[in-house]
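Commentary on secondary and tertiary structure
Here are the chains, one letter per residue:
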Amino acid sequence: MTLPSASMDNVLRILIALSQYPILSGRIRHQMRKTLYSRGIVPKEAFNAEVKRKAVESQTLEGLKNPLADESNEIWQLRLSRVKDSLTDFYFAYNLPYSEFENVVRAVLAERGHLDADFVWINPELAPQEVLFEQAEMIESMPEADRKKYTARLQAVIAVLIRTMISDQLKYIKIARQWLTVKDLREVSRRKIGGGKIGGKAAGMLLAMCVLRETAPQEIRERFRLPVSYYLGSDVYYNFMALNELSGWNGQKYKTEEQMRADFPQLCEDFEKGQFAPEVIESLSRVLEEVGERPLIVRSSSLLEDNFGASFAGKYESIFLPNQGALDERLAALTQAIAKVYASVMNPDALIYRHTRDLADYDERIGILIQIVEGEKVGRYYFPHGAGVAFSRNLFRWSPQIKRDEGFLRLVCGLGTRAVDMVADDYPRLVALSHPRLHSSSDIRAIQRYSQHNLDAIDLQANAFVTVSAREALQADFAPLRFIAQIEKDGYLAPIRSRLDSAENLTVTFDGLLSRTPFAESMRVALNLLEKHYGSPVDTEFTVEIVNADSQPDVQIVILQCRPQSRIREADEVSIPKDLAKQDLIFSSQTMVPLGAVENIEYVLFVPSKGYFSLESESERAQLERAIGQLNAALKGKTFIAVGPGRWGTSSPDLGVRVAYGDIYNSRALVELAGEEIGASPEPSFGTHFFQDLMEANIYPLGVFLDEPQTVFNRAFFYDTPNRLSEFFTVENPRVAAALKLIAVADYRADARMNLIMDGNKSQAAAFLVEEDAEKIKDED
């Protein structure tokens, strides 16, 4: 007889439950048989005859020719006992509900005076997921007085569900089991496709919302929510690799950087040709039917991502899908996007990052997060009113009154891509949450110049992700406009009072949002609570919607992710020596200074602005990027800083040196030169994905503004010293060679080293020379 699937589940559940009571299992099965006999399910004589017959059949299967003679009585009795137990479980599971089994167990436990006689327990480490949910939901449905008795057991079940469904990171589990409820986990299970875990990005988003739900004041709690999300478990990634014979790429992380980069285009092509299993295609089709033609974003959610000490910020792909058109077209776009995200797991920059974090040997499993994009339709475009990244700690203060522990935002209108990436000639609004209306400059021209001029959106007509002018997208009849932008009137920025005000003079400032809604205060309180309960500083990505814009304005904030920043720590107090001699000073800064120090600097990697901006092609800039990466690797173990024009890590080579984390991770500081002669901006990288990498590696970003009268920049040190680059390798292209210089501090002054002291409390930084002997005496003291 073949058992139906429901009965098979009952057999498994009975076996697991019985394994908890090995001493009592014989008594329990005896009562089970009595129930079978008394209910007339099987006569006792017929049952015993079947036991004997099946025992003999098992002997025959094992090759015994004479069953009665070839086996001792002791073995025969053991065989009979095991067959009887198996048939007992079979008949009971096939004919009676699981609740009847629970009644039997309760009765036996009550006879023996067992402490848990009123509840049948299973080992959560062995039980099927559905059984765990049933047990946990039973506890949570109890009256509070009864539920307290089983708190520890509920925590054990929740911990196992978190570990099997969400993340196996122990630090995460320790925090999450205190906040996630069975209802939260059941909702994840309902929206999950495939086996395995949903990964770190999804995990952080869920945990942050649970913390705020339980700890935030009601009026603030009601302003936060999660986006509609679906999850592809990490096993889908494994199955995709196996189905498409892609496992040969698994060794990429052990290749040289040159091999990784050379192989990556072919790897991407192979992944994008891949097919998904029919059951995955069916599930994705149901998702698309459920969400309709609302835009989607496909995001990586690896098991290592958003972890304590390793955020993997920006390392893997996130792909926006307009999601317009026929179902088969939308499905093809969705599966193609998932394949691209899978390929990004082996992006060379991601693999290098893993090596620097000692995570190369970890089996990187990746889940996928599919979310409905937050926003609304404005003309032909779709975008959120605001989006950005928020930090619970403000590491850069442009005014002494700003409080570090009250948080910081990078805020943009439209999709949040412009907040986390450094883009060409465009700037987010920087918000210190202790003083949200305080701009980094009081000059109207500077505010206009260093504001957001373009926004990212989804063009619903073109079915494409686009970048458009803010003035084009923000139409006069757009109700939230007065909270997002201001207009110039008589030489100052004024609120938009009428829809008749000209859009030509729009400047995106978010002053209305920050002054006339509870947005800033809600973010400040939320970040403080998250840091408190995470036990470390955090950053979140979010969108904000302005509601009731024409009456009593309020906001809805959607948490897109939340990650701990365990490597961001309070630096020791530092101070610049008061008696610094002018001839010892190499450079100084007085704006947006972090807190920290780099001592005993031996080398300075310098990119001269004239040489850099003389590069004639994208190919030459790529050669420079590779040369900087080579030099970074060659200087491993040496203390050095990098100095260059504009923004390090920018995506626009016209605004600074385009490098990735894998090109500069051995550096101790990245100094960004800004000023009229360079044409670079004063906007810091703080809050970008690139900044995340710097913070985790304890690399300090520092701006030096050459036009400010207090700034010191010792040109003789940077331009009159020898170039030591050729001692490490040769750069063949003369223009690329002219754009890269390696300065040995001792070449400027024999037996000297450089110290870089950054006193963020006083907003002062100075790099100065110290005699090597003096440093030795200091160390000995």
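This section reports on the structure supplied with the text.

Parameters at a glance
Residue numbers run consecutively from 1 along every chain, following the written order of its sequence. In keeping with the predicted nature of the model, local features appear solely for residues at pLDDT of at least 70, side-chain atom pairs appear and are counted solely at 80 or more, and the whole-chain, interface and lining totals rest on all residues. Note: side-chain values were computed over all heavy atoms of the structure, leaving out hydrogens and water. Here, strands pair whenever DSSP counts at least two bridges between them. Put simply, DSSP H or I for four residues or longer makes a helix, DSSP E for two residues or longer makes a strand, and each gets a number counted from the N terminus. Lines fitted to the C-alpha atoms define the axes, with helices restricted to the stretch that makes contact. Angles between their N-to-C directions range from 0 to 180 degrees. Each pair of aromatic rings taken from Phe, Tyr and Trp, with Trp reduced to its six-membered ring, is defined by centres within 6.5 Å and is described as stacked if the planes are under 30 degrees apart, edge-to-face if over 60, and tilted in the remaining cases. Note on classification: 1.4 Å probe, protein chains only; a residue is buried when its accessible area is under 20% of the maximum for its type, exposed when over 50%, partly exposed between these limits. Geometrically, a lysine NZ or arginine CZ counts as sitting over a ring once it is within 6 Å of the ring centre and also within 35 degrees of the ring normal. Residue contacts are defined here by distance: any two heavy atoms, one from each residue, within 4.5 Å place the two residues in contact. Here a polar contact is taken to be a pair of N or O atoms separated by no more than 3.5 Å, where protein atoms must pair a possible hydrogen donor with a possible acceptor and residues adjacent in sequence count only if both atoms sit in side chains.

1. Some points on the sheet that holds strand β22 (residues 640–645)
Hydrogen bonds between backbone groups are what pair the strands of a sheet, and the pairing can be parallel or antiparallel. Pairing within the open sheet is mixed, and its 5 strands lie in the order β24-β23-β22-β21-β25. Strands with a single pairing partner mark the edges of an open sheet, and in this sheet they are β24 (700–705) and β25 (741–744). With direction set aside, neighbouring strand axes in the sheet form an average angle of 20°. Strand direction decides the pairing type here: strand β23 (residues 669–674) and β24, joined by 6 bridges, are parallel.

2. With respect to the packing of aromatic side chains
Enumeration according to the criterion identifies 21 aromatic pairs in this entry. When the centroid spacing of 6.1 Å and the interplanar angle of 5° are considered together, the rings of F90 and Y94 count as stacked. You can see F90 and its partner Y94 sitting in helix α4 (residues 73–95), 4 residues apart, about one turn around the helix. With relative accessibility at 34%, the residue Y94 sits in the partly exposed group. Each member of the aromatic cluster is reached from another via a ring pair, and the members are F587, F606, F713, F717, F718, Y719 and Y748. Looking at R186, its charged tip hangs above the ring of F133, at a distance of 4.3 Å from the centre. Directly above the ring of Y230 sits R191, whose terminal nitrogen or CZ lies 4.9 Å from the centroid.

3. Thoughts on the environment of T730
Assignment of secondary structure puts T730 in the loop between α28 (715–719) and α29 (734–737). Along the primary structure T730 and A627 are separated by 103 residues, whereas in three dimensions their C-alpha atoms are 9.2 Å apart.

4. As for the pairing of strand β4 (residues 296–302)
On any regular strand, side chains alternate: one points to one face of the sheet, the next to the other face. With 7 of its 7 residues buried, β4 lies for the most part within the structure. Of the two faces of β4, the one carrying L296, V298, S300 and S302 and the one carrying I297, R299 and S301 are both buried. Judged from the 4 bridges that link them, β4 and strand β5 (residues 318–321) form a sheet pairing that is antiparallel. Bridge pairing in β5 links I297 to F320. Bridge count for β4 against strand β6 (residues 366–372) is 7 bridges, and the pairing is antiparallel. Across the sheet, residue R299 finds its bridge partner in β6, namely L369.

5. Overview of the environment of R380
For R380, the location among the structural elements is in the loop between β7 (376–378) and β8 (381–383). Take R380: its relative accessible area is 32%, and that puts it in the partly exposed class. Through-space distance from the C-alpha of R380 to that of I458 is 8.4 Å; in sequence the pair is 78 residues apart. The residues contacting R380, other than those within four sequence positions of it, are I458, D459, L460, Q461 and A462.

6. Comments concerning the side chain of Q324
Along the chain, the position of Q324 falls in the loop between β5 and α16 (327–343). The buried category is assigned to Q324, whose relative accessible area is 19%. Within polar-contact distance, the side chain of Q324 engages the backbone oxygen of E293 at 2.6 Å. Other than its neighbours up to four places away in sequence, Q324 contacts E293, R330, L460 and N463.

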